[in-house]
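The residues making up each chain are set out below.
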Amino acid sequence: MPGAGAPAEPPAPRTGRRRRPEPETTPGDDAGPVTPAGSGPPGDDRVPHDRDEPDHRRDGDDATALVAADVLPGAPRRRRRAEPAGPLEKALAVVGPRVDTVRRRLGILDSEQRAALTPEERRTRRRTQVRWSLIGTAASVVLLPLLVLGIGWLVFPIPTTDEAVQNQIATVSYADGGQLARLVPEQGNRIKVGMDAIPPHVREAVLAAEDRSFYSNPGFDITGILRAALNQVLGGAGGGSTITQQYVKNTLVGNDATYWRKYKELIVSLKVSGQKSKDEILNDYLNAIYFGRGAYGIESASLAYYGKPAAQLTPSEGALLAGIIQSPSNWDPENSREKAESRWNFVLDGMAQQGWISRADRQAAVFPETIPAENTSRSSSLTDERGHVLNAVRSELGSLGISEQAFAQGGLQVTTTIDPQRQQQLTDAVRARMEGQPEVLRSGAVAIDPRTGGIVGYYGGANGAGLDYAQVMKQPGSTFKPFAVLAGLLEDPPVGLGTQFDGSERPGLRNADGANCPRCDLKQAMTISNNVVFTKLAGEVGPQKVADAARLAGITAPLENPDARLPLGNKEVTPVQLASAYATIAAGGVWHAPHLVSRVVDSDGRVLYEYSPGEGEQRFPEQVARNVSEAMMDVVSNDDLTLPGGQQAAAKTGTVQSRFEGQNNDAWFAGFTPELATSVWVGTDRNDPIQDATGAPISGKDLPGSMWQEFMASAVRSTEVVDFPTFRALGDEPSELAPNEPTATPTPAPTSSSAPPSPTPEPQEQAPPPPVQEAPPPEPTSTPEQTVDPLFGSDGDSRPGEDAGRDGEPTFG
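On a predicted model such as this, the values are computed, not experimentally measured, just so you know.

> Lay out the overall build of the protein with the relevant residues and their values.
Secondary structure summary: the protein contains 26 helices and 14 strands in total. Counting contacts in the protein only where the partners sit at least 6 residues apart, residues at least 24 apart contribute 70% of the total. Put simply, the protein shows about 40700 Å² of open surface, and 53% of that area lies on carbon and sulfur atoms.

Shown next as structure tokens:
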């Protein structure tokens, strides 16, 4: 220590150490500076704890001086370490010094230490940090991918092609979760062949379409993988994969657009490339890839598209098959010939560029014709009526953007709206009534929940691999008459149900037996299905407005060039469309899209689609819908088809007459309660006359009506009776009398076929009473009305509408 009275020399600074401040002296004190407690040799900046101080410094004058120094103004004060209060503090007290030691050995400085560095020390330190950062980054770039690849190599096995295809099972469920079908690819749809059974030009066509560098690349395209990752970040799609990656993706690991799938695809592609030759990979690929039409592999695809084995394929035929691999549902020539032809040209051009075919052969190539696609439900083993449900689900998935390939290979779990109880009831009702009937008869039936638009029952025929009769386009007969009533009620002012017409037959337009009505209102005419009344109504409001009203309700058929016979059903619709339109009326004018699919989940549990009905779409007012229902309310009782428990139902028959006198070609019955709308059709494949087992012609109230009644009765028995909303008439109120029931006081016939007679204005007060006039006599039914009839010109010549019946006669029912 410096001597007393001599000024203390400042200690020399040490590199990398912080210099402690010099002790201050007290004015007037000639004893020299006071050394703070814990001072060491010059240049030592460590501050030891009390326990490190020598014992002699705690006694005598030195100890007194140290205590005095602590209280000197401006002198550094020695902090006393507080004892840890709790377990956490005690743990920190133990760990803290060790952390400080590690930081010191790693050269990590705190802010005060960094501030004490010289400029040269800072530059040296920065160069060291940059050097180690570069070394660490390089090690990460090299070692981390190797580590990731190594882990993937150990974790991901290579499934066999057979196992992979069999594991791509789609499950279709009822609304309650019960299994309706499992889509398991059968061996009949996947025929494995050796490479020698696949012509070289077919293999080259596939390479031209999918991977022209297949035999030279390592099995994966890192550029394509990075491009796919970038596209996914940017919201795009695609990325360009090799044949090996396509084989792995579509067959072994799945086709999900995720980074995890890409990682797995890369690992498995490397393993496949290391274990199999290029020819083996290509052969496996061609035996496993999906070509659409339910065909897995090139052999099954050749049979599905051309009806011959792959060994007989021409270069043009092979090019077409190669072109549709990426999107079978979109590029099948039966679905889109234009897209298929564009893709076919792309493949042939690629083959010519690679020298696999000559320019002359390329120029001479002709687009090949394919055979019609068969029903692919055989891949589900459903040959009963459930096969039609499965095919309808498949079609609806396509409209939702879920391809046939994804459905066939993606392991999807599809939940439908089909109620298993309603489905069984509908199937039993049709089977029971069709048993013992002529074999030529066919039937289709659809039941829809008006509150959601969900199809709860679907019957397309007994043969699940045949034609779906729930989707056939047929003339609906008089089941279209409610849409004429709807059009009239939407007029301003509305044409009410009480509006009366002369429904007498006239040349070229007749009614069914028992349906004549010289004078009746719209509800009475609906009950007996009078044709003349509704053609006059269509003429009054306009045929196009009748077509528009049908579209509002849910009919999606074209209905082009409508005429006044449209209410008689001279335009074709399907049972699904008719049930949907009636469901809209049952729901108070609220339209819900008819649908079978309620939810789709992929193999990883991600929800791809979920139906959200919301509030529906109000197509026309509730009061209008209730008036249409009221017009149809007496049909079931008139045809002896009432439901149990007093359940009300609105319904309509439909019968389409044949070209043969006294015969019919199609028969319909459609109707609804507030909770269920159902349509039933009976006919034949060739529009032949339909007769029952006794040889009697079938009309709407016969077989279709009995099927409808049996199904609806079963449904009603399992639920409580639900009433329709209170009826409030728009326009004239309908009569409470039965059709053709005589009244106490005869009422004169209307003077116009297109509108009811205008009421006579009441006389004003003070005015003399008008002269009494005799009421005009009722108009004879055989005399045409004076105004021009919508179906006839002024000369009375018939003007039948398009397809308005066979042999010039109208459709009726």
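> Tell me about the sheet that holds strand E4 (residues 442-448), residues and numbers included.
Reading across the sheet, the five strands line up as E5-E4-E14-E13-E12 and stay open at both edges, with antiparallel pairing between neighbours. Each edge of the open sheet carries a strand with a single partner, namely strand E5 (455-459) and strand E12 (650-657). Adjacent strand axes in the sheet meet at a mean angle of 5 degrees, parallel and antiparallel pairs treated alike. Sheet analysis places E12 next to strand E13 (residues 664-673), joined by eight bridges and oriented antiparallel. Along E13, the bridge assignment pairs Val 656 with Asp 666. The sheet strands contacting helix H23 (residues 575-586) are E4, E5, E12, E13 and strand E14 (676-683), and the helix crosses E13 at an angle near 30 degrees. Across the sheet, helix H26 (residues 703-717) touches E4, E13 and E14, and the angle it forms with E14 is around 150 degrees.

> Help me get a handle on the nonpolar core, residues and values and all.
Grouped together as the largest cluster of nonpolar side chains are 84 residues, with contacts concentrated most on Phe 407, Val 414, Tyr 458, Phe 483, Phe 534, Ile 555 and Phe 672. Looking at this core element by element, the count peaks at eight residues for H23. Dropping the residues within four chain positions of it, Phe 407 is found in contact with Ala 170, Val 172, Leu 183, Leu 390, Arg 394, Leu 397, Leu 412 and Val 414. In this structure, Leu 207, Phe 291, Leu 321 and Val 347 belong to the second largest nonpolar core, which totals 43 residues.

> Could you give an account of unusual backbone geometry, with specific residues and numbers?
Residue Asp 492 is joined to Pro 493 through a cis peptide bond whose omega torsion reads 0 degrees. Looking at the element boundaries, Pro 493 is found in the loop between helix H19 (481-489) and strand E6 (500-503). A positive phi is found at Ser 529, a non-glycine position, where the angle reads about 60 degrees. Inspection of the secondary structure puts Ser 529 in the loop between helix H20 (522-528) and helix H21 (531-541). Taking the relative accessible area as the measure of exposure, Ser 529 reaches 4% and is therefore buried. Notably, Asn 561 is not glycine yet its phi reads approximately 50 degrees, a positive angle. Looking at the element boundaries, Asn 561 is found in the loop between helix H22 (543-553) and H23.

> Now, about the packing of aromatic side chains: what can you tell me, with residues and values included?
Across all of its chains, the model carries nine aromatic pairs by this definition. For the ring pair Phe 483 and Tyr 582, a centre distance of 6.2 Å and an interplane angle of 70 degrees mean the geometry is edge-to-face. Pair noted here: Phe 483 is in helix H19 and Tyr 582 is in helix H23, with a separation of 99 residues, a long-range link. Residue Tyr 582 is classed as buried on the basis of its relative accessible area of 1%. Against the face of Trp 344 rests Arg 362, its NZ or CZ located 5.8 Å from the ring centre. Residue placement shows Arg 619 over the ring face of Trp 591; its charged tip is 4.2 Å from the ring centre.

> How would you sum up the pairing of E13? Please name residues and give values.
In terms of residue burial, E13 counts as a mostly covered element, since ten of its ten residues are buried. Between E12 and E13, which pair antiparallel one after the other, the connecting turn spans six residues, and Gly 662 there sits at a positive phi close to 80 degrees. In this structure, E13 lies alongside E14, joined through seven bridges in antiparallel fashion. Bridge assignment links Ala 667 to a residue of E14, and that residue is Val 682. The turn joining E13 and E14, which pair antiparallel and follow one another in sequence, is formed by two residues.

> Tell me about the sheet that holds strand E10 (residues 607-610), and please be specific about residues and values.
Spatially, E2-E1-E3-E9-E10 is the arrangement adopted by the five strands of the open sheet, whose pairing is mixed. At either end of the open sheet lies a strand with only one pairing partner, and these are strand E2 (179-183) and E10. Taken pair by pair, the neighbouring strands of this sheet meet at an average axis angle of 15 degrees, ignoring direction. Bridge count between strand E1 (residues 170-173) and E2: four bridges; the pairing is antiparallel. Within E2, the residue paired with Ser 173 across the bridge is Gln 179. The sheet strands contacting helix H16 (residues 386-399) are E1, E2, strand E3 (413-416) and strand E9 (597-601), and the helix crosses E2 at an angle near 70 degrees.

> Talk me through the packing of helix H6 (residues 200-210) against helix H12 (residues 315-323); I want residue IDs and the actual numbers.
Two numbers describe how H6 lies on H12: the axes approach to 8 Å, and their chain directions differ by 35 degrees. Every pair of crossing elements has a handedness; the one defined by H6 and H12 is right-handed. Contacts between H6 and H12 pair His 201, Val 202, Ala 205, Val 206, Ala 209 and Glu 210 from the former with Pro 315, Gly 318, Ala 319 and Ala 322 from the latter. A class-by-class count of the residues in the contact of H6 with H12 yields seven nonpolar, two polar and one charged.

> Account for the confidence of the model for the protein, naming residues and giving values.
In this model, the protein carries a mean pLDDT of 78, and residues with pLDDT of at least 70 account for 71%. For the protein, the element scoring lowest by mean pLDDT is helix H1 (residues 60-70), at 44; H23 scores highest, at 98. Here residues 1-8 scores under 50 on pLDDT; set against residues more than four positions off or in separate chains, the count is eight contacts. Here residues 14-19 scores under 50 on pLDDT; set against residues more than four positions off or in separate chains, the count is nine contacts.

> Any details on H12? Residues and values, ideally.
Counting buried residues in H12 gives eight out of nine residues, a clear majority hidden from the surface. Those residues of H12 lying buried are Ser 316, Glu 317, Gly 318, Ala 319, Leu 320, Leu 321, Ala 322 and Gly 323. Elements that come into contact with the buried residues of H12 comprise H6, helix H11 (298-306), helix H13 (328-331) and helix H14 (337-353).

> Hey, could you go over the packing of H6 against helix H10 (residues 278-288) for me, with residue numbers and the actual values?
At a minimum axis distance of 12 Å, the contact between H6 and H10 shows a crossing angle of 85 degrees. Of the possible angle classes, the one that applies to H6 and H10 is roughly perpendicular. Every residue of H10 that contacts H6 at Arg 203, Val 206, Leu 207 and Glu 210 is listed here: Leu 282, Tyr 285 and Leu 286. Taken together, the residues that form the contact of H6 with H10 break down as five nonpolar, no polar and two charged.

Reading guide: rules and limits
Residues numbered from 1 in each chain as written. Predicted model: local features only at pLDDT ≥ 70, side-chain atom pairs only at ≥ 80, totals over all residues. Heavy atoms only, no water. Helix = DSSP H or I, 4+ residues; strand = E, 2+ residues; numbered from the N terminus. Contact = heavy atoms within 4.5 Å. Areas by Shrake-Rupley, 256 points an atom, 1.4 Å probe, with all protein chains shown as cover. Pairing = 2+ DSSP bridges. Axes fitted to C-alpha atoms, helices over the stretch in contact; angles between N-to-C directions. Core = buried A, V, L, I, M, F, W, Y, C linked by side-chain atoms within 4.5 Å. Buried < 20%, exposed > 50% of the residue type's maximum accessible area, 1.4 Å probe, protein only. Phe/Tyr/Trp six-rings, centres within 6.5 Å; stacked < 30°, edge-to-face > 60°. Lys NZ or Arg CZ within 6 Å of the ring centre and 35° of its normal. Left-handed = near helix turned anticlockwise from the far one by under 90°. Nonpolar A, V, L, I, M, F, W, Y, C, P; charged D, E, K, R; others polar. pLDDT = per-residue confidence, 0-100. Parallel < 35°, antiparallel > 145°, perpendicular 65-115°, else oblique.

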